[in-house]
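# A closer look at the structure
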Amino acid sequence: MENWGLVTLQEEMLLYDSNTSSVADRKLMTKIIAHEVAHQWFGNLVTMRWWNDLWLNEGFATFMEYFSLEKIFKELSSYEDFLDARFKTMKRDSLNSTRLLSPPSVQTAEQIIGMFDSFYYLKGASLLLMLKTFLSEDVFQHALILYLHNHSYASIQSDDLWDSFNEVTDQTLDVKRMMKTWTHQKGFPLVTVQRKGKELFIQQERFFLNMKPGIQPSNASYLWHIPLSYITDGGNYSKYQSVLLLDKKSDVINLTEEVEWVKVNIDMNGYFIVQYADDDWEALIKQLKRNPHVLRDKDRANLINNIFELAGLGKVPLQKAFDLINYLGNETHTAPITEALFQTGLIYNLLEKLGYMNLTSRLVARVFKLLQNQIKQQTWTDEGTPSMRELRSVLLEFACTYKQENCYTTAMKLFDDWMASNGTQSLPTDVMTTVFKVGAKTQKGWSFLLEKYNSTGSEAEKNKILEALASSEDVQNLYWLMKTSLDGKIIRAQKLSFIIGTVGRHLPGHLLAWDFVKENWNKLVEKFRLRSYAIQSIVAGSTHLFSTKAHLSEVQAFFENQTEATFQLRCVQEALEVIQLNIHWMEKNLKSLTWWL
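Residues numbered from 1 in each chain as written. Predicted model: local features only at pLDDT ≥ 70, side-chain atom pairs only at ≥ 80, totals over all residues. Heavy atoms only, no water.

Summed over the entire model, instances satisfying the criterion amount to 1 disulfide. Put simply, Cys400 and Cys407 are joined by a disulfide, and their sulfur atoms are 2.2 Å apart. On the S-S bond that ties Cys400 to Cys407, the torsion sits near -90°, and the link is left-handed. (Disulfide = S-S within 2.5 Å.)

To continue, consider the pattern of salt bridges. For the structure shown, the criterion picks out 39 salt bridges. In this structure, Arg92 and Glu574 form a salt bridge, with 3.2 Å as the shortest nitrogen-oxygen distance. Taken together, the residues span a long stretch of sequence, with Arg92 in helix 3 (residues 78-93) and Glu574 in helix 26 (residues 570-596) at a distance of 482 residues. Residue classification places Glu574 among the buried positions, given a relative accessible area of 12%. We note a salt bridge from Glu587 to Lys549, for which the minimum N-O separation is 3.7 Å. (Salt bridge = Lys/Arg side-chain N within 4 Å of Asp/Glu carboxyl O. Helix = DSSP H or I, 4+ residues; strand = E, 2+ residues; numbered from the N terminus. Buried < 20%, exposed > 50% of the residue type's maximum accessible area, 1.4 Å probe, protein only.)

A few words on the packing of aromatic side chains. For the structure shown, the criterion picks out 33 aromatic pairs. Ring geometry for Trp446 and Trp480: centres 6.1 Å apart, planes at 80°, overall edge-to-face. Pair noted here: Trp446 is in helix 17 (residues 443-455) and Trp480 is in helix 19 (residues 475-487), with a separation of 34 residues, a long-range link. Its relative accessible area of 4% is what places Trp446 among the buried residues. Trp480 sits in the partly exposed class, given a relative accessible area of 34%. Members of the aromatic cluster, each reached through a chain of ring pairs, are Trp55, Phe63, Phe67, Phe140, Trp162 and Phe165. In this structure, Arg296 packs its charged tip against the face of Tyr237, placed 3.8 Å from the ring centre. (Phe/Tyr/Trp six-rings, centres within 6.5 Å; stacked < 30°, edge-to-face > 60°. Lys NZ or Arg CZ within 6 Å of the ring centre and 35° of its normal.)

Looking now at helix 18 (residues 459-469). Summarising burial for helix 18: 9 of the 11 residues are buried, a large majority. Along its buried surface, helix 18 packs onto helix 1 (23-38), helix 15 (407-420), helix 16 (432-439), helix 17, helix 19 and helix 20 (496-505). If you check the start of helix 18, you find a side-chain oxygen 3.4 Å away from the backbone N of Ala460, and it comes from Ser458. (Contact = heavy atoms within 4.5 Å. Polar contact = N/O pair within 3.5 Å; in protein donor to acceptor, adjacent residues only side chain to side chain.)

So, about unusual backbone geometry. A positive phi angle is found at Lys403, which is not glycine, with a value near 50°. Here Lys403 is to be found in the loop between helix 14 (386-401) and helix 15. Positive phi, close to 75°, is recorded for Arg529, a residue that is not glycine. With respect to the element layout, Arg529 can be found in the loop between helix 22 (521-528) and helix 23 (533-543). Take Arg529: its relative accessible area is 43%, and that puts it in the partly exposed class.

What follows is the structure in structure tokens.
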């Protein structure tokens, strides 16, 4: 909490222990401290007038946490986390149940609590990044200095911020008019690009995960002012500039020459998804196979994200998305690999929960084949740059989860040696969670980890142990864990939403987590309050992998039987929509996926 003059933090966000804190822990601590310090200006010195503009506080503090880390701790590559956060935020923002960044009316205490949701933090931060990139860092900084200077010790509204920007741009650009298209409209745009000779034809519409033909007449009037940047095979990054503010439905960009390919939305600094014509996708796929490093890692991750999101809608054949990631054997950066594993992991999870074991093993084999060289190069150490160390965590976790190569054996040996030393032998921090998860597969290992959970003084170690305990394949252990956390004596109740999410992700606990939530719903609401962040996480974590009509009916019936306020909760409406989308995804893609695999 950013109290003026006394920032308060949970111990685990402050106490860094080099023996048990991984590079991911260090990043999280640094980011949270930066966030709370940034609030001394954005929130304390200048405060929003009312809660509907909460994003002015939280969006700015979130933007500044990433911005300041890039400046002060460049080696932490915090841009990778910001990129990943934008991908996840846009996924939520493309649901029908999304909301306005600046809602017109927030009145009750319950509504105010509901505003403290990562959506407002991250969408706000994403829009500020887009604006900074478009205007230049200098102009952006001048506007902020003016804003803080003019409104010190005062309460403001969004318009006061945009007025400061307009003062600095001297009316050459109406920033207020531009940014209101982002804060006063739900969702974000899909920009469609088609290259014909030396011309780029571009148009915009609202991006919906639920894009069914002819269903969205209400969105015909949606129009954003979109800063468009692009790079081609004929250009280089140092020369690019935002060439156009697309403030109408469609436009044409004239290229100076005919090019082989074009990549729109450089570094994914813009808050939108890009759909290319078939030939343009093919040209980009070819370039990635030939030499991926012509494009920056952010752009490669952006292409992976966009093509899988579009394939889920049926706007691009799923096969093309898999064609695009065929280059991964030559990928050396963390962000593209993380995004590819996230997207293929979502598909794996849906197939697994429906019992398509033949397909899941083939999918894992395909992905493993793409990444086998990088996996073989990994060592079970904490060596390398923070980004390399995070990549090691991701790759070894993937290999061990699906028992590939000798990863599982190595992890089990490390765990057995650690257990034999009564937990005194040190483990490499970046692979500690993976080693604990493998160890937790046996009852002896699980019981030992629980014992260590209760005796260790390190919060970082506790969190890694907890994730391993919740990844067990023993249903009785999982039930005990959730129940014990709800009681809050041995395991803190504030860990329960994390436990339920982890239990619900894996096959044995998949249905158990939802049964636990139904059975204990009244206790959960009593303990955490209806609109709290914990309840939002619990609802999402226990339902987001359902993909059958039977489960959709069951979840809907359960919440309809609660109070009207419960059924109308945004997280409940979001959960129902996600299940519907999972059903549609399977209907649309199962056939072609089966054929491809």
